[in-house]
Amino acid sequence: MLVVTLFVASFAIYTAMYLAPGNPIAALTGGRTPTPQAIQVLEERYHLNDPFLLRYARWLGNALTGDLGVSIPLRSDVSTLIRQRIGTTVQLVAFASLIIVVVGIALGVLGGLRRGVVDNVVIVLSTLSAAVPSFVASIILLSVFAVNLGWFPVLGGGDGFLDQVRHLTLPAFALAFSSIALVARITRAAVRDEMGREHVQTAISRGIPYPLIIRRHVMRNAAIPITTIVGITVASLFAASAVVERAFTLNGIGAYLIQAALSKDIAVVQGISLVIVAVFVVVNAIVDFLYATLDPRVSLGASAS
Amino acid sequence: MSLVELPTATVASSRRLLAGRGLPFLRGTGVVGHVSAFVLFCALLVAVFGATIAPHDPDLTNLSFAFVGRFQNHYLGFDSQGRDLLSRLLAGARSAILGPLAVVLLSMLFGTALAIATAWKGGRFDTIVSAALDVLFAFPAIVLAIIASVVIEPGLKAASLALAIAYTPYIARVLRSAALRERSRDYIAALEVQGLRAWVICVRHLGRNMVPLIVAQGTILFGYAMVDLAAISFLGLGVQPPQADWGVMVSTGQSGVLQGYPMESLCAGLCIVVVVIAVNLLGERLSDRSNLVTR
Amino acid sequence: MSTVDGRLLDVDSVAVRLPVAGEPRTVLHDVSFHIAPGEAVGLVGESGSGKSMTARAIARLLPPGADATGRISFAGSDVAALKGAALRTYRAEVAMVFQDPRAHINPVRRIGDFMTEALRTNHGVSKTEAAARAIGLLAEVGIADGQRRLEQHPHELSGGLLQRVMIASALLTEPRLLLADEPTTALDVTTQADVMAILDDLRRERGMALLFITHDLELASAVCDRTAVMYAGQLVEQRTSSQLHDDPLHPYTAGLVGARPSIDGDVIRLAAIPGRPRSAYEAPAGCAFADRCAHAEDACGTARPALEPLEDGLVRCRRAGELRGLLRAGGRHG
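So, how was this worked out
Residues numbered from 1 in each chain as written. Chains lettered and ligands numbered in written order. Predicted model: local features only at pLDDT ≥ 70, side-chain atom pairs only at ≥ 80, totals over all residues. Helix = DSSP H or I, 4+ residues; strand = E, 2+ residues; numbered from the N terminus. Buried ≥ 20, exposed ≤ 12 C-beta atoms within 10 Å, placed from the backbone. Contact = placed C-beta atoms within 7 Å. Nonpolar A, V, L, I, M, F, W, Y, C, P; charged D, E, K, R; others polar. Pairing = 2+ DSSP bridges. Axes fitted to C-alpha atoms, helices over the stretch in contact; angles between N-to-C directions. Parallel < 35°, antiparallel > 145°, perpendicular 65-115°, else oblique. Left-handed = near helix turned anticlockwise from the far one by under 90°. Core = buried A, V, L, I, M, F, W, Y, C linked by C-beta atoms within 7 Å. pLDDT = per-residue confidence, 0-100. Arc of directions from axis to C-beta.

## A few points about the overall build of chain A
Here's step 1: Per the secondary structure count, chain A includes 13 helices and two strands.
Here's step 2: Projected onto the principal axes, the alpha-carbon positions of chain A cover approximately 85 × 55 × 30 Å.
Here's step 3: Burial analysis of chain A (305 residues in total) assigns 43% to the buried set.

## Things to note about the overall build of chain B
Here's step 1: Each helix and strand in chain B was counted, giving twelve helices and zero strands.
Here's step 2: N-terminal to C-terminal, the α/β element order of chain B is α-α-α-α-α-α-α-α-α-α-α-α.
Here's step 3: Principal-axis analysis of the C-alpha atoms places the extent of chain B at approximately 75 × 55 × 30 Å.
Here's step 4: Contacts in chain B between residues far apart in sequence, at least 24 positions, make up 68% of those at least 6 positions apart.

## Regarding the interface of chain A and chain B
Here's step 1: Listed per partner, the contact involves 42 residues of chain A and 37 residues of chain B.
Here's step 2: Taken together, the elements giving at least two residues each to the side of chain A that touches chain B come down to helix 1 (2-19), helix 6 (117-130), helix 7 (134-148), helix 8 (161-195), helix 10 (210-247), helix 11 (253-262) and helix 12 (266-294) of chain A.
Here's step 3: Split into classes, the residues belonging to the side of chain A that touches chain B amount to 33 nonpolar, six polar and three charged.

## As for the sheet that holds strand 4 (residues 67-74) of chain C
Residues and elements named next belong to chain C.
Here's step 1: With antiparallel pairing, the four strands of this open sheet are ordered in space as 2-1-4-5. Looking at strand neighbours, the two that pair on one side only are strand 2 (23-35) and strand 5 (77-78), the edges of this open sheet.
Here's step 2: Relative to strand 5, strand 4 runs antiparallel, the two being bridged by two bridges. From the neighbouring strand, F74 faces strand 5, where its bridge partner is S77.

## Remarks on the packing of helix 8 of chain A against helix 10 of chain A
All names here are of chain A.
Here's step 1: Axis separation between helix 8 and helix 10 bottoms out at 8 Å; the angle between their running directions is 165°. By the angle between their axes, helix 8 is roughly antiparallel relative to helix 10. By crossing handedness, the relation of helix 8 to helix 10 is classed as right-handed.
Here's step 2: In terms of residue class, the contact of helix 8 with helix 10 is made up of 19 nonpolar, six polar and one charged.

## Some thoughts on the packing of helix 7 of chain A against helix 10 of chain A
Residue and element names in this part refer to chain A.
Here's step 1: Close contact between helix 7 and helix 10 brings their axes to 9 Å; oriented N to C, the two are set at 25°. Considered as vectors, helix 7 and helix 10 are oriented roughly parallel to each other. When you trace helix 7 past helix 10, the crossing you get is right-handed. Contacts from S134, F135, S138 and I139 in helix 7 reach A240, V243, V244 and A247 in helix 10.
Here's step 2: For the contact of helix 7 with helix 10, the per-class residue count stands at six nonpolar, two polar and no charged.

## With respect to the nonpolar core
Here's step 1: Within the largest apolar cluster, 266 residues are counted, with the highest numbers of intra-cluster contacts made by B:A145, B:I146, B:L163, B:I272 and C:L211.
Here's step 2: Looking at this core element by element, the count peaks at 16 residues for helix 10 of chain A.
Here's step 3: Excluding residues that lie within four positions of it along the chain, B:I272 makes contacts with A:P133, A:V136, B:A96, B:M226, B:A230 and B:W246.

## A closer look at the environment of A:A261
Here's step 1: Secondary-structure assignment places A:A261 in helix 11.
Here's step 2: Apart from the residues lying within four places of it in its own chain, the contact partners of A:A261 are A:V269, B:I146, B:S149, B:V150 and B:L237.

## Considering the confidence of the model for chain A
All names here are of chain A.
Here's step 1: Per-residue pLDDT for chain A averages 87, and the proportion of residues at 70 or more is 95%.
Here's step 2: The element-level mean pLDDT for chain A is lowest in helix 13 (residues 300-304), coming to 45, with helix 5 (residues 78-113) highest at 94.
Here's step 3: Below a pLDDT of 50 lies the segment residues 301-305, which in the model reaches six contacts outside its immediate sequence neighbourhood of four places, other chains included.

## Describing the environment of C:G112
Residues and elements named next belong to chain C.
Here's step 1: On the secondary structure map, G112 appears in helix 4 (residues 111-122).
Here's step 2: Each C-alpha atom of the pair G112 and H29 lies 40 Å from the other, and the pair is 83 residues apart in sequence.
Here's step 3: If we skip the residues at most four places from it in the chain, G112 touches A131, A134, L150 and E151.

## Overview of the pairing of strand 3 (residues 40-44) of chain C
Residue and element names in this part refer to chain C.
Here's step 1: Within strand 3, five of the five residues are buried, which leaves the element mostly enclosed by the surrounding structure.
Here's step 2: Here strand 3 shows no split at all, with A40, G42 and V44 on one side and V41 and L43 on the other all buried.
Here's step 3: As paired elements, strand 3 and strand 8 (residues 209-214) share five bridges and run parallel to each other. In the sheet register, V44 faces strand 8, and the bridge partner there is T214.
Here's step 4: The pairing of strand 3 with strand 9 (residues 226-231) spans four bridges and is parallel.

## Here we look at the environment of C:R316
Here's step 1: Structurally, C:R316 is set in the loop between strand 14 (313-315) and helix 12 (326-333).
Here's step 2: You can call C:R316 buried: it has 24 C-beta atoms within 10 Å.

## Here we look at helix 3 (residues 36-45) of chain A
Here's step 1: Counted residue by residue, helix 3 of chain A has zero buried out of ten residues, so it is predominantly exposed.
Here's step 2: Following helix 3 of chain A by one or two positions, A:H47 has its phi on the positive side, about 50°.

## Re the sheet that holds strand 7 (residues 177-181) of chain C
Residue and element names in this part refer to chain C.
Here's step 1: As summarised here, the arrangement of the eight strands in space is 6-7-8-3-9-10-14-13, forming an open sheet in which the pairing is mixed. Each edge of the open sheet is held by one strand with a lone partner, namely strand 6 (94-97) and strand 13 (308-310). Neighbour-to-neighbour, the strand axes of the sheet open up by a mean angle of 25°, direction not taken into account.
Here's step 2: The pairing of strand 9 with strand 10 (residues 234-240) spans six bridges and is antiparallel.

## Remarks on helix 9 (residues 198-205) of chain A
Here's step 1: Looking only at helix 9 of chain A, the buried set comprises A:H199, A:T202, A:A203 and A:S205. Projection of helix 9 of chain A onto a plane perpendicular to its axis shows the buried side chains occupying an angular sector of 165°, all on one side.
Here's step 2: Each element contacted by the buried residues of helix 9 of chain A is listed here: helix 10 of chain A together with helix 2 (84-93), strand 6 and helix 3 (101-104) of chain C.
Here's step 3: Phi for A:G207, located one or two positions after helix 9 of chain A, is positive at around 80°.

## Here's the deal with the pairing of strand 4 of chain C
All names here are of chain C.
Here's step 1: Across seven bridges, strand 1 (residues 9-20) lies against strand 4 in antiparallel orientation. Note on strand 4: the bridge partner recorded for D12 is R71.
Here's step 2: Counting the residues that bridge the hairpin from strand 4 to strand 5 gives two residues, and of these A75 lies at a positive phi of roughly 50°.

This is the structure:
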């Protein structure tokens, strides 16, 4: 299923880009009128006259070996261009995921276990943060912490581990902001649900201490929905990071995708779209696998199909 | 499970207050639902009449007023180009609100049609459509919109169409299971026995009974559409400057933010946040209600 | 170890109120009874009569916000005041078997974890020792391949097997009192008898006291020495099981006896009690059963009767004396 999905998705991406308006020869020659010989050379080098399916097959075959073609405006290897930038995106997504997991689950557990004031604060916070899109969060964080307070650098990626962390802190929080609310909500609901389960009553009736009941029964069982929502969220961050990378002018694949789309760099849009879709599909498959390991009622065979 | 839970006493009293009253469309959504709906109604009015009621020309630039604060009847001051900020916010509501509305209508139309068709026909048709939707699932909405901006052209139309397609599988999946549940009920079989044509049953009975769920899902989807569409405009692939639009304004205001004049970005961002909060709150209430209705 | 006048558990004038929609509502009213060591007492009533709430009050499992008065003592000590080690000891000595084993056993943990958790956590028993004891008890409840079962998850076992697991794990801490809350109601009819027989055998072997909660008067009579009947959060009658069944003192008990299909010759007669059961908070001001009772007089509706001795039992009915001898016939024909 995973392979089929990726195969069909790659075909869809390639076809869409094939249909995109624009003349690659014009892009290659930069507006000058080329000689017929020059056109022929370019057509042969970039296989522009081959039938569509053959070109798709060649592109897919190359993609499987890690070669995503050549960026015509930059005359540079797309895979190399992606490789230079993907590190920033992975770091940003990892940092944001960490924030989402720690803050989201902490808030959710707090709200789930403590009724009253604490719970209401959690609910209000998550209602607010759920409604703040990453680009608005970026602007607010930039304005407050970078421009006015000067605690963090305004733009760019930074060098060395600590400097990178400092540069990525605001972007990571901006990216995490609305997802924190989602994870907190699901966690809170899951904890509430589990607290009310009959098997928790059984554990209480046997004198199991409260912290152990929370750990072994409530959190252990709530981990199943929490893992699912965290997984889905993390999978979607790769696409969402484009917005934050753009807002903070970070040099990641998301910002590069936007730049390529604006400059009609077909090969790069194809390549990065394929990478993002692949990551999305693979992370979702991992989530399914984790779900099956956490919940003995779900068999591994069933989720793989 | 609702996101905002008021203290029990308040909820109990407001329930009593609204049990038999309130607008028919919003019955059972409580005070929060009514307030949210009111906010959305105002937003819709601004979306339609915003450009008309704007006190100044939203596109009139005067660089000598760049970043000037509140001044005479320019209540929010000026942006980086010296345009009246309040007027731009009012004018920008149109694409920021009507765009997502179009997205929601389109994907609800696609999603509902596919859901009812697959649930009704079943068999191979269901298998093929469901498989195709599964592939569509693999595309994050933003990626699809970026591809559309390259294939068609950057703009509100391409972005809206892309988002509508990206959301369709989510809507179709939720509504398909509801349609299956509804289809298995006895009254549908009774109608079939009476010899009613399939599409009549689907539209008049099956579809109509799913309306509370469709409305709830559509409301929740509106929040996502608004955020994603504004994000695409922020990236420069949606609504094109200099047209006023909240997403575009957050982006064009960014230079101001870095120079210490964050008004344009923050005001446009705040407009988005307020509408999204209202949509989310109302969507939850409606979805709680539809759960009660459909059990 | 035994206490004054041979009482293991003493429930004395317990009343419980629960908040419903912000207002406290009475669910138990003036519940008093006792259980001697090794004695089996049945608690019979319809759903909502408060029998499960009584067990929860004893097991200290009342829902949050519950307001309980009266006194429950176990082996002489006040249950409500227990803390720390004393509470853990109490939890070990009073074990509970729940109605729905599928819901009351954590679905994501192994049977072995479920059975040995209390032993290992609270009693410092090693993992292997706890597993060995669990396997031994599984054998006693008729599960031969215990070793394999400990590795399984609840969804791999049938309801009947799961309830045996629940019983076995309740017995692991060697309790002196077992609270069994409708232990067979959620099971198939065919496995109900098996599970009931196992429960009864193990109890007798160990000389363990039992509070058996059921809606089934016949079943209670078969298993228990004494049976108490609950209606609308109150005890209405308490008596030796066999006599309660054959010669009820309270009109409600008579109704319960009559409501069971019974075969007299070839005629099946089923007598129902008119109306629906009342919860404690909606019971009439006087006798809680007055509005459904065939023998009620005006006076029954004004003053709430007390639980008073009559013959060898206790009954909460001001006319119980006059009605002696009438109820058997009345129940069957009414």
